[in-house]
Amino acid sequence: MEGQHHNNNGNNGHIASQNKGYQNGNVTNTGEAAMNGDKVKHKCDYNLHPFVYRLYPTRTERLIWCIMAFTLAPIKLLLFLTSVFLAWIPARIAVIGLPLEPDQPFTPWRLFLKDITVFFVRCAWFSMGVMSQKTKGTQASSAEAPLIVLGPHSSFVDTLAGALCGFPGTVSVAENSKLPFIATLFRVNQSIFVDRTDPHSRSKTAQKIRRRAEAKGAWPQLLVFPEGVCSASTSLLPYKLGAFLPGVSVQLMTIKYNRTDLQTWVNTGPGLIALATLLLCTPLISFEVEFHQVYHPSDEEKENPELFAKNVRDLMSRLECNML
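Conventions and cut-offs
Residues numbered from 1 in each chain as written. Predicted model: local features only at pLDDT ≥ 70, side-chain atom pairs only at ≥ 80, totals over all residues. Heavy atoms only, no water. Pairing = 2+ DSSP bridges. Helix = DSSP H or I, 4+ residues; strand = E, 2+ residues; numbered from the N terminus. Axes fitted to C-alpha atoms, helices over the stretch in contact; angles between N-to-C directions. Contact = heavy atoms within 4.5 Å. Buried < 20%, exposed > 50% of the residue type's maximum accessible area, 1.4 Å probe, protein only.

1. Details of the sheet that holds strand β3 (residues 147-150)
The strand order β2-β9-β8-β3-β6-β4-β5 describes an open sheet built from seven strands, whose pairing is mixed. Both edges of this open sheet fall to β2 (132-136) and β5 (192-194), since each of them pairs with a single strand only. Sheet twist, expressed as the mean angle between neighbouring strand axes with direction ignored, is 25°. Both β2 and strand β9 (residues 286-295) contribute to a ladder of five bridges, which runs parallel. Across the sheet, residue Lys134 finds its bridge partner in β9, namely Glu288. Relative to the sheet, helix α7 (residues 201-213) contacts β3, β4 (169-173), β5 and β6 (222-224), its axis offset from that of β5 by approximately 170°.

See the structure below:
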């Protein structure tokens, strides 16, 4: 589902199906205008495979990494682990006495503890080297846009986007509700968990999203990654339909990293431990999210989730192109 943050390792069947889609032209390059099939002549007109990434550091970068590895990196790691623990404490208190998916939004005192959690989550990424954390544009209210659609989804670092927009919930697999520490963070942002063994999970998830949307802002927004898996940020994978089945308005959000790409996490590229190590050994990384317009689906799109997903993906492709 859209809220699952994971790499493609071990999902060979899924990778094969995605690769087939790429070969058949189903992956939108961020330098192409998907609307009406027209191409945009732009500097972001790439022809790269979405699951292939190569890191080519300069000699200067290699030297900096070596120096940092024996100086500041251990300190940054200690600060990161401390911040994660400090984020977990208020989050754990906030969900005491609640089921996995509460029927009602949080009360004010739980929301206050959630805000403390957000602060320490941002501190955790700050200690990892993401010291410049900026937002552009205006975030819509949950009443106007119950869903925030983010793309392209290229890294585990993308989760920082949630902390920059109030720590909205996600649509996540049920397995994440059992992970130490991480499960509590999913619960404190009031995520929706999906049981992949349930054949009716897609319709049940759509009903939950629609019910929250009908509350007119009482629930926090949901942040979704409609591609479902990480890919190189030069392409947009076909969007999964889960977020578009309810037929509610969505706000588009994009991410920009202002330095050498040390975060892309795909099957053919550096692994999770390697990327985390490089982040620790990098003095400064700039992370910026931008809120774009709210997309209100037409009646036809509400009846046709595939059309809704395609049109949002087309618009996201053009927005990504304009950012480069």
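2. Here's the deal with unusual backbone geometry
Positive phi, close to 60°, is recorded for Phe167, a residue that is not glycine. Within the fold, Phe167 resides in the loop between α5 (160-164) and β4. Among the residues examined, Phe167 registers a relative accessible area of 9% and is labelled buried. Even without a glycine there, the phi angle at Lys216 is positive, about 55°. Position of Lys216 relative to the elements: it lies in the loop between α7 and β6.

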